[in-house]
Amino acid sequence: METGCNPVELSSMSGFEEDAELNGFEEADMKDMKLEAEAVVNDVLFAVNNMFVSKNLRCADDVAYINVETRERNRYCLELTEAGLRVVGYAFDQVDDHLRFPYHETVYSLLDTLSPAYREAFGNALLQRLEALKRDGQS
């Protein structure tokens, strides 16, 4: 599912920390990785073909799984933990214990290594946002 890009809605972080504060929770009290995974998906969905939190793999306070299809049509299963994100499979809902991909601190860094088309879409969205800010500043 390809979605349109609204570069004005791009954020610099996943939004999880902000959501936790808005809901009156301290970050330490809110360790549900499924919520973090949903925020990750919402941040970069515009730049991939499809991305969603797995409904078939176990999510817990300390781990969640995200399925992503890049614009190049490559599918991955990502593991999200406090250590970061890493590829754990080459298909949706697949965990291959033999894969040893490094953790990435951000979804941006991970997708940047996996998908040149993601990098281009993100760059274009950033450029559109900067152009919009420039236009607003000239008004």
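Keep in mind that what you see is a predicted model, and the values were worked out from it rather than measured.

## Here we look at the overall build of the protein
So, point 1. Helices and strands together make up the secondary structure of the protein, namely four helices and four strands.
So, point 2. Evaluated residue by residue, the protein yields a buried proportion of 41% over its 139 residues.
So, point 3. For the protein, the share of sequence-separated contacts (at least 6 apart) that also reach a separation of at least 24 residues comes to 43%.
So, point 4. Here the protein has roughly 8400 Å² of accessible surface; of this, 48% comes from carbon and sulfur atoms.

## Examining a nonpolar patch on the surface
So, point 1. On the surface, Leu126, Leu130 and Leu133 cluster together into a nonpolar patch covering about 280 Å² of accessible area.
So, point 2. Within the element layout of this structure, Leu130 appears in helix H4 (residues 116-138).

## Here's the deal with the packing of helix H3 (residues 107-114) against H4
So, point 1. Two elements in contact, H3 and H4, have axes separated by 5 Å at closest approach and are oriented at 125 degrees. With respect to each other, H3 and H4 are oriented oblique. In contact with Tyr108, Leu111, Asp112 and Leu114 of H3, H4 contributes Pro116, Tyr118, Arg119 and Phe122.
So, point 2. Here the contact of H3 with H4 is built from residues that sort into six nonpolar, no polar and two charged.

## Quick word on helix H2 (residues 33-44)
So, point 1. The end-to-end C-alpha separation of H2 is 17 Å, in line with the 16 Å expected for 12 residues at 1.5 Å each.
So, point 2. You can read the cap of H2 off the contacts: a side-chain oxygen lies 3.0 Å from the backbone nitrogen of Lys34, and it is on Asp32.

## Overview of the packing of aromatic side chains
So, point 1. This structure, assessed with the given rule, holds six aromatic pairs.
So, point 2. In this structure an aromatic cluster arises from ring pairing among Phe46, Tyr108, Tyr118 and Phe122.
So, point 3. For Arg75, the ring lying beneath its charged end belongs to Phe92, and the centroid distance is 4.2 Å.

## Some details on the nonpolar core
So, point 1. One finds Met51, Ile66, Leu78 and Val107 to be the most contacted residues of the largest nonpolar core, which totals 27 residues.
So, point 2. Every residue in contact with Met51, bar those within four places of it in the chain, is listed here: Val40, Val41, Val44, Leu45, Ile66, Asn67, Val68, Leu78 and Val107.
So, point 3. Leu57, Tyr65, Cys77 and Val88 belong to the second largest nonpolar core, which has five residues in total.

## Some remarks on the sheet that holds strand S2 (residues 64-69)
So, point 1. An order of S1-S2-S3-S4 is seen for the four strands of this open sheet, with the pairing classed as antiparallel. In this open sheet, the two edge strands, each paired with only one partner strand, are strand S1 (50-53) and strand S4 (84-89). For this sheet the average axis-to-axis angle between neighbouring strands, irrespective of direction, equals 25 degrees.
So, point 2. Pairing of S2 with strand S3 (residues 75-81) involves six bridges; the strand directions are antiparallel. Bridging from a neighbouring strand, Tyr65 pairs with Glu79 of S3.
So, point 3. Lying on the sheet, H2 is in contact with S1, S2 and S3; it crosses S1 at an angle near 165 degrees.
So, point 4. Each of S1, S2, S3 and S4 touches H3; the most contacted strand, S4, lies at about 40 degrees to it.

Each value, and the rule that gives it
- Residues numbered from 1 in each chain as written.
- Predicted model: local features only at pLDDT ≥ 70, side-chain atom pairs only at ≥ 80, totals over all residues.
- Heavy atoms only, no water.
- Helix = DSSP H or I, 4+ residues; strand = E, 2+ residues; numbered from the N terminus.
- Buried < 20%, exposed > 50% of the residue type's maximum accessible area, 1.4 Å probe, protein only.
- Contact = heavy atoms within 4.5 Å.
- Areas by Shrake-Rupley, 256 points an atom, 1.4 Å probe, with all protein chains shown as cover.
- Patch = residues over 30% accessible without salt bridge, like charges linked within 9 Å, V, L, I, M, F, W, Y side chains within 5 Å.
- Salt bridge = Lys/Arg side-chain N within 4 Å of Asp/Glu carboxyl O.
- Axes fitted to C-alpha atoms, helices over the stretch in contact; angles between N-to-C directions.
- Parallel < 35°, antiparallel > 145°, perpendicular 65-115°, else oblique.
- Nonpolar A, V, L, I, M, F, W, Y, C, P; charged D, E, K, R; others polar.
- Expected span 1.5 Å × (residues − 1).
- Polar contact = N/O pair within 3.5 Å; in protein donor to acceptor, adjacent residues only side chain to side chain.
- Phe/Tyr/Trp six-rings, centres within 6.5 Å; stacked < 30°, edge-to-face > 60°.
- Lys NZ or Arg CZ within 6 Å of the ring centre and 35° of its normal.
- Core = buried A, V, L, I, M, F, W, Y, C linked by side-chain atoms within 4.5 Å.
- Pairing = 2+ DSSP bridges.

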